[in-house]
Amino acid sequence: MSNNQVLATLRYNATSKHNGKKLDAQAAHLWTVKDGKIIAFQQYADTKQLDEMLKR
């Protein structure tokens, strides 16, 4: 990307040990780099799916 930022798109896949519900959620990570070091991180994720998976 630009302005020393890198965007990674990904997918979280998990299964709850408590109820067997599955998670298949899209997410994005935005990294900001300065002088070769990470100085900031922001995550965007589908939290509704996570909330539904964690309900018993």
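Provided above is the structure to which this section pertains.
Residue positions are given per chain, counted from 1 along the sequence in the order it is written. A pLDDT threshold of at least 70 governs which residues receive local features in this predicted model, and a stricter bar of 80 or more applies before side-chain atom pairs are shown or counted, although totals over entire chains, interfaces and linings include all residues. Remark: hydrogens and water are excluded; side-chain values derive from all non-hydrogen atoms of the structure.

Draft legend 1. Summary view of the pairing of strand 1 (residues 5-15). Strand pairing is assigned whenever DSSP detects at least two bridges linking the two strands. Strands here mean DSSP runs of E at least two residues long; helices mean DSSP runs of H or I at least four residues long; both are numbered from the N terminus. Where strand 1 meets strand 2 (residues 22-34), 11 bridges bridge the pair, whose relative direction is antiparallel. Bridge pairing in strand 2 links Thr-9 to Ala-28.

Draft legend 2. Quick look at unusual backbone geometry. Unusually for a residue other than glycine, Asn-3 sits at a positive phi of about 55°. Within the secondary structure, Asn-3 sits in the segment before strand 1. Notably, Asp-35 is not glycine yet its phi reads approximately 55°, a positive angle. Tracing the backbone shows Asp-35 in the loop between strand 2 and strand 3 (37-45).

Draft legend 3. Quick peek at the sheet that holds strand 1. Strand order across the open sheet formed by three strands is 1-2-3, with antiparallel pairing between neighbours. Each edge of the sheet is formed by a strand with only one pairing partner; in this case those strands are strand 1 and strand 3. Looking at each pair of strands side by side, their axes are set apart by 25° on average, direction ignored. Taken strand by strand, helix 1 (residues 47-54) contacts strand 1, strand 2 and strand 3, and its axis lies near 135° from that of strand 2. The angle between two axes is taken between their N-to-C directions and runs from 0 to 180 degrees, where each axis is a line fitted to C-alpha atoms and a helix contributes only its stretch in contact. Residues are treated as being in contact if the distance between any of their heavy atoms lies within 4.5 Å.

Draft legend 4. Expanded view of the pattern of salt bridges. When a carboxyl oxygen of Asp or Glu is within 4 Å of a side-chain nitrogen of Lys or Arg, the pair counts as a salt bridge. On inspection of all chains with the given rule, the structure shows four salt bridges. Across the pair Lys-55 and Asp-51 runs a salt bridge whose closest N-O atoms are separated by 3.7 Å. Any residue under 20% of the maximum accessible area for its type is buried, any over 50% is exposed, and the rest in between are partly exposed; the area is computed with a 1.4 Å probe on protein chains only. Exposure remark for Lys-55: the relative accessible area of 39% places this residue in the partly exposed category. Among the ionic pairs, Lys-55 bridges to Glu-52, the shortest N-O distance being 3.3 Å. Taken together, the salt bridges that share partners define one network made up of Lys-48, Asp-51, Glu-52 and Lys-55.

Draft legend 5. How the structure looks around the pairing of strand 3. In terms of strand pairing, strand 2 meets strand 3 through eight bridges, oriented antiparallel. Paired with Thr-32 across the strands is Ala-40, a residue of strand 3. Here strand 2 hands over to strand 3 after two residues, with Asp-35 in that stretch at a positive phi of 55°.

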